[in-house]
Amino acid sequence: MKMTDIDILSDRKRQINKAGTEGLAMECEKHSLAGAVSQRACVFCGSRVVLYPVTDALHLIHGPIGCAAYTWDIRGALSSGPQLHRMSFSTDLREMDVIHGGENKLYKSLIELIDKYNPKAAFVYSTCVVGVIGDDVASVCARVKREKGIPVIAVHSEGFKGSKKDGYKAACDALLNLVGTLPVDTIPRLSVNILGDFNIAGESWIIKNYYEKMGIRVVSTITGDARVKDIMQAHGASLNIVQCSGSMTWLAQQMESNYGIPYIRASYFGIEDTAKALYDVADFFDDPELTDRARKLVRCEVEKVIPQIKRYSEALRGKKAAVYVGGAFKAFSLIKSLRMLNMDTVVVGSQTGNKSDYEVLKAMCNKGTIIVDDANTLELARFILEKDVDLFIGGVKERPIAYKLGVGFCDHNHERKIALAGFEGMVNFSREVFNTVTSPVWKFVPRRQTKKEVYFD
Amino acid sequence: MTKINKVIKTHTSTRNACKLCAPLGASMVLKGIEQAMPILHGSQGCATYIRRYVIGHFREPFDIASSSFTEETTVFGGGENLMRAIENIITQYNPEIIGIATTCLAETIGEDIQLHLAALAGKKADLPTIVHVSTPSYKGTHMDGFFAAVKTLVRKFAVKGTRINKVAVFPGMLSPQDYRYIKQMLFDFQLPSVVIPDFSDTLDGGSWQDYQKIPPGGTAIDDLKDCGRCCGAIEFGLSISEDQSSAEYLSKSYGMPSYKMPIPIGIENSDEFFSTLCTISGHPVPDKYSMARMRLIDAYVDGHKYAAGKSVALYGEEDLVCALASFMSEIGMTVSVCISGCKPESLRKAMEKRVPAVAASARILEDADFEDLLNAIEESPVDLIIGNSKGYTVSRKLSVPLVRVGFPIHDRLGAQRFSLVGYEGTTELFDRIINAIIEKKQESSDIGYLTW
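Residues numbered from 1 in each chain as written. Chains lettered and ligands numbered in written order. Predicted model: local features only at pLDDT ≥ 70, side-chain atom pairs only at ≥ 80, totals over all residues. Heavy atoms only, no water.

Undergrad: Give a detailed account of the overall build of chain B, specifying residues and quantitative values.
TA: For chain B, the count of helices and strands is 18 helices and 14 strands. By the compact-globule yardstick of 22 Å for 452 residues, chain B fits well, its C-alpha radius of gyration being 22 Å. Summarising its shape, the C-alpha atoms of chain B cover approximately 75 × 55 × 45 Å along the three principal directions. Nonlocal contacts in chain B, meaning residues at least 24 apart in sequence, comprise 74% of its contacts between residues at least 6 apart. If you sum the accessible surface of chain B, you get close to 16,600 Å²; carbon and sulfur atoms cover 52% of it. Across chain B, the mean location of the 46 positive side-chain charges is 1 Å away from that of the 53 negative side-chain charges. (Helix = DSSP H or I, 4+ residues; strand = E, 2+ residues; numbered from the N terminus. Rg over C-alpha atoms; globule rule 2.2 N^0.38 Å. Contact = heavy atoms within 4.5 Å. Areas by Shrake-Rupley, 256 points an atom, 1.4 Å probe, with all protein chains shown as cover. Lys, Arg positive; Asp, Glu negative; His and termini not counted. Charge placed at Lys NZ, Arg CZ, Asp CG, Glu CD.)

Undergrad: Break down the pattern of salt bridges for me, with residues and values.
TA: In this structure the tally under the stated criterion is 52 salt bridges over all chains. Between D374 of chain A and R40 of chain A there is a salt bridge, with its nearest N and O atoms 3.4 Å apart. Placement of the pair is D374 of chain A in the loop between strand 12 (370-373) and helix 15 (377-387) and R40 of chain A in the loop between strand 1 (16-18) and helix 1 (43-51), with a sequence separation of 334 residues. Judged by its relative accessible area of 3%, R40 of chain A falls in the buried class. A salt bridge links D280 of chain A to K276 of chain A; its shortest N-O distance comes to 2.9 Å. One end of the pair, D280 of chain A, and the other, K276 of chain A, are both in helix 11 (residues 271-285), 4 residues apart, so they sit about a helical turn from each other. Looking at D280 of chain A, the relative accessible area reads 22%, which means it is partly exposed. Bridged by salt links that share partners, the residues D92 and R94 of chain A together with K19 and D367 of chain B form one connected network. (Salt bridge = Lys/Arg side-chain N within 4 Å of Asp/Glu carboxyl O. Buried < 20%, exposed > 50% of the residue type's maximum accessible area, 1.4 Å probe, protein only.)

Undergrad: Any details on the side chain of T127 of chain A? Residues and values, ideally.
TA: Looking at where T127 of chain A falls in the secondary structure, it is placed in the loop between strand 4 (121-126) and helix 5 (128-133). Those residues in contact with T127 of chain A that lie beyond four places of it in its chain are F44, I61, H62, G63, P64, C67 and E158 of chain A.

Undergrad: Account for the state of the cysteines, naming residues and giving values.
TA: Across all of its chains, the model carries 0 disulfides over all chains by this definition. Just so you know, C128 of chain A is unpaired, no disulfide at all, and the nearest cysteine sulfur is the one on C46 of chain B, 5.7 Å from it. With no disulfide of its own, C278 of chain B has C231 of chain B as its nearest cysteine by sulfur position, at a separation of 14 Å. (Disulfide = S-S within 2.5 Å.)

Undergrad: Lay out the pairing of strand 4 (residues 97-102) of chain B with the relevant residues and their values.
TA: Residues and elements named next belong to chain B. Across the 6 residues of strand 4, 6 count as buried, placing the element largely inside the fold. Alternating residues of strand 4 divide into I97, G99 and A101 and I98, I100 and T102, and every residue in both groups is buried. Pairing geometry for strand 2 (residues 36-41) and strand 4, over 6 bridges, is parallel. Bridge pairing in strand 4 links P38 to G99. The sheet contact formed by strand 4 and strand 5 (residues 129-134) spans 6 bridges and is parallel. When the bridges of strand 5 are listed, A101 appears paired with V133. (Pairing = 2+ DSSP bridges.)

Undergrad: An account of helix 1 of chain A is requested, with residue identities and associated values reported.
TA: Here helix 1 of chain A lies mainly inside the structure; 9 of its 9 residues are buried. Within helix 1 of chain A, burial applies to V43, F44, C45, G46, S47, R48, V49, V50 and L51 of chain A.

Undergrad: Any chance you could break down the environment of P215 of chain B for me, citing the residues and the numbers?
TA: Residues and elements named next belong to chain B. Inspection of the secondary structure puts P215 in the loop between strand 7 (193-195) and helix 9 (221-226). Look at P215 and you get buried, because its relative accessible area is 10%. The contacts of P215, once residues within four sequence positions are left out, are T202 and W208.

Undergrad: Outline the sheet that holds strand 11 (residues 334-339) of chain B, listing residues and values.
TA: Adjacent strands of a sheet form backbone hydrogen bonds with each other and so pair up, either parallel or antiparallel. Residue and element names in this part refer to chain B. Taken in spatial order, the 5 strands line up as 12-11-10-13-14 in an open sheet, and their pairing is parallel. The outermost strands of the open sheet, each flanked by one partner alone, are strand 12 (363-365) and strand 14 (402-404). Strand-to-strand, the axes of this sheet are offset by a mean angle of 20°, without reference to chain direction. When strand 10 (residues 311-315) meets strand 11, the two strands line up parallel, connected through 5 bridges. The residue bridging V312 from the neighbouring strand is V335, located in strand 11. (Axes fitted to C-alpha atoms, helices over the stretch in contact; angles between N-to-C directions.)

This is the structure:
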């Protein structure tokens, strides 16, 4: 049977939809179906990925070794100073710990690690087993906090408790323990926090630089290249700018109700969205000079990058792309960016989108575009073949699906090492897409070899 | 040299682990069985993280299903989820074998897999063969998961019968290239074989016209059945306990001779493998291997001065470290530090058996992590580090070159093609090691001579 004839699991049928079809409500925000081979991870993964770039904190994973081993230094989250976040610490629970409880081991681990690495705070992640054996992680954290005088925060991230999205919320709750704990007298009115950018390949620096050029002080970047002290002062900013809405909206909402800080959504992927983010911030402060500076900055940057992008976009005209990323908001930006490269998005999906996200996607995409929530390998492979795409945008797990079928690939998740945000990021993105889509290697792959079966089957 | 026999643990936590979890090992094995599909019984994250990790090494698809526990599942049990997972896997992948590996979570809540399977069998006919392997990570490393899965398959499938002219081979966690080479060697001895597992094609295949749900290749079920009738069983690994050993199991239950030997890296280890093949097959060593051996000796001679007296740190799975230590002692390098995340005494015992002189002089750390490696090298500096990609941070910090060997190799291309075993694999590794030494010397030289 050919892939394109494969049936979708009946329990998942309503999680797949097409743009231009009326009346069908998209099903989403569900638990991954057992046996579906989802591309998603778990609650722990969600909280780990969000808190990961807090660079001067200790991140201790309480549980058997796997969860810590698989998250050791896999992110591209850069630091301008401390590198502690790149270490993998685990209580590495053993059978006896599971039987007798791991609280003592956790306590001893924390004390030793804090003494040795001198972190500014510690995050303790609870994994599945800890949730089951019922270690009182919060009380151990409270005790160590008293003894060591730094914030020691329990992150309730047992893998089974929900999906990756619930992990985001657990991470935000952990961060809320820090926000508001230092005085903020010296912070000016023109000030913001950048939420939901993780400084992958230095992207937070690119964004921060724009705001600073506009004359706006960035109080904290949560969590890209983050410092504990900055997060403690984050409540002094006038505005929160939320990029990754899936992970950080909860934190922004809490900060709004606790400290009266309003928030706006933004995206820095693509020229259009980056410019809009800068204008929106200028509009918020309602300061003509600021707006003027934003305009000048955008004009200057756009003039620099457009000629570079043009070369690529001409070569990419009419090529087709499939997008499967973690958050739906990123998918919106990618569709726009691909459009700028003269490419059509024919498949789009996310791991954590909600109903309104999928409505937006449906409205954005051309008729017939496949829209999918929480997909799996077989579905993605099927859609690649069905739509005969030239490019797949996803993460490391999706890469071999594309490559095996002879399709170009662009990594757009937390593990990438090339900055794709901001104006210069769009140049990098265009170059990467161009390099993969127009590579001569594809002429050798079976999918493009249908007429040359003379010597090889 | 100071000899430290007993390691006093100075820390409670693990800091940059030198091991992975048991379900990863079990999943690797199932990927080497024809038309098999693994299900990890537990949270979704375990399957996804392991997939991501293995894909980084092999750069091939690596589908693993999960029974995707929820909070309710954790409280009330995973039977429903497991049945659903099995049904959905059959619908999508239609495998001949389903391997269930129970994660820490499922093990802790005490899932009774046999009970769930019996319930499923009552509800549904025409099920594929289902095997279960218990892989709680709090009980061991990825190697324990690997050996347990192999043994589970052997126990499940091996049947008694008339002896056949086949040999059962258990190579352990080597590269697809090594697997291909091992099969070639057996073939050249005219020795039909059952290699368990066999991911030489499934984890290093070609480009596809249509998506292969389960990549073609792997040990066939008929071959698995045959392993009960084989004329001998070869197993690479001196650290494998009697309890874990598939070769010893076959020997005990089916009466065939078993040959437990080191991974054939280096001349002496390879010689042992070849002489075993001579014994089992009754054939002399084919000329091409005698030639390969001579070329390897020639390479040793060409490179011996570069290697002379250089000290090295080795880390990784205990049997890999042990085999590498043996190889190092052949080429005049001093093994200063050996580190593994394995259980206590596992590496030491294997080394005492195989390389007693090295075992007596080297610093051996078991149940160790990469901070231990860093500290050990800081105390007794080395010229070279050999192990997987995870030693990169230590290598960079101390400016000591790293030769990448083992699993995982995330930061270089070709991990699936790197070869270690036999005379040819050893030659390839030897060249890489000597070239790393030359490169370091060249780069740190003010003049930068070309050496010849």
